[in-house]
Amino acid sequence: MENVSWIITGGAGLAGVVVGALLVLAAIKSQRKWQERQENKKEEMKRVTEEIDVLLLLNKKINEILMKRNLLLPKYVSFDAFDDCFITIDDYVYLQSFAAQNHFLLPNYLVEEFFKNIAVRQVVLSPEETTDIGGYTYKGGRLLVEQFSDNLISIIEDRKIQLKKMKNNDVK
């Protein structure tokens, strides 16, 4: 009888060890999933923050372009419409390279539409005239540039709201 009680005690002990090991494994697996979700949340928040930063930089450059009208007014007077937009060659190249370098973080459709719509409005000048004034003029382009800036601001606000929601949501 002593052997039977020893076997029962040993079996109960072994069953306790197995149940304890299973509980530890479940706890470790649960913790790893929680950590993965936390890391994914942090990465997503970082991506949204980078996207906001890139959109802010692009909007800042767009606003600088809009402000250059006052600086370049003497060269600009030869054009009739008040809603014309002047973009220097350097600024245009900067916009295109900025869009190319940050295409993962920018709303590509919006940027492509902007470049397509603004290109249609480019005033045709001789290369010498373009070089003399130092840039391109877009007839009625000011409205397009302002709309592009407004769209960027709208997207920035949406991303800020998204980021705030992400910060407030606890990962479960």
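Residues numbered from 1 in each chain as written. Predicted model: local features only at pLDDT ≥ 70, side-chain atom pairs only at ≥ 80, totals over all residues. Heavy atoms only, no water.

J.: Talk me through the overall build of the protein; I want residue IDs and the actual numbers.
T.: Tallying secondary structure elements over the protein gives six helices and two strands in all. Secondary structure elements in the protein, listed N-terminal to C-terminal, are α-α-β-α-α-α-β-α. Here the protein holds 172 residues, and the buried ones make up 31% of them. Of the accessible surface of the protein, which amounts to about 11900 Å², a share of 60% is contributed by carbon and sulfur atoms. (Helix = DSSP H or I, 4+ residues; strand = E, 2+ residues; numbered from the N terminus. Buried < 20%, exposed > 50% of the residue type's maximum accessible area, 1.4 Å probe, protein only. Areas by Shrake-Rupley, 256 points an atom, 1.4 Å probe, with all protein chains shown as cover.)

J.: Give a description of the packing of aromatic side chains that names residues and reports values.
T.: Throughout the structure, instances matching the rule amount to five aromatic pairs. Ring centres 5.9 Å apart and planes at 85° place the aromatic pair Tyr92 and Phe115 in the edge-to-face group. On the criterion of sequence distance, the pair formed by Tyr92 in helix H3 (residues 89-101) and Phe115 in helix H4 (residues 108-120) is long-range, its members being 23 residues apart. Exposure remark for Tyr92: the relative accessible area of 17% places this residue in the buried category. Ring geometry for Tyr92 versus Tyr138: centroids 6.4 Å apart, planes at 25°, classification stacked. Note that Tyr92 is positioned in helix H3 and Tyr138 in strand S2 (residues 135-138), a separation of 46 residues in sequence. For the pair Tyr92 and Tyr138, one class covers both residues: buried. Taken together through their ring pairs, the aromatic side chains of Tyr92, Phe114, Phe115, Tyr138 and Phe148 make up a single cluster. Across from the ring centre of Tyr94, 4.9 Å away, lies the NZ or CZ of Lys61, which sits over that ring. (Phe/Tyr/Trp six-rings, centres within 6.5 Å; stacked < 30°, edge-to-face > 60°. Lys NZ or Arg CZ within 6 Å of the ring centre and 35° of its normal.)

J.: Now, about a nonpolar patch on the surface: what can you tell me, with residues and values included?
T.: Together, Leu14, Val18, Leu22 and Leu25 make up a nonpolar patch on the protein surface, roughly 410 Å² of accessible area in all. In this fold, Val18 is placed in helix H1 (residues 2-71). The class for Val18 is partly exposed, based on a relative accessible area of 43%. (Patch = residues over 30% accessible without salt bridge, like charges linked within 9 Å, V, L, I, M, F, W, Y side chains within 5 Å. Salt bridge = Lys/Arg side-chain N within 4 Å of Asp/Glu carboxyl O.)

J.: Kindly report on the packing of H4 against helix H6 (residues 141-168), identifying the contributing residues and their values.
T.: Relative orientation and spacing of two packed helices are given, respectively, by the angle between their axes and the distance between those axes. For the pair H4 and H6, the least separation of the axes is 10 Å and the interaxial angle reads 175°. One element, H4, and the other, H6, form an angle in the roughly antiparallel class. Along its contact with H4, which presents Leu110, Val111, Phe114, Asn117 and Ile118, the element H6 presents Gly141, Leu144, Val145, Phe148, Asn151, Leu152 and Ile155. Considering only residue class, the contact of H4 with H6 consists of nine nonpolar, three polar and no charged. (Axes fitted to C-alpha atoms, helices over the stretch in contact; angles between N-to-C directions. Parallel < 35°, antiparallel > 145°, perpendicular 65-115°, else oblique. Contact = heavy atoms within 4.5 Å. Nonpolar A, V, L, I, M, F, W, Y, C, P; charged D, E, K, R; others polar.)

Structural measurements only, silent on function.
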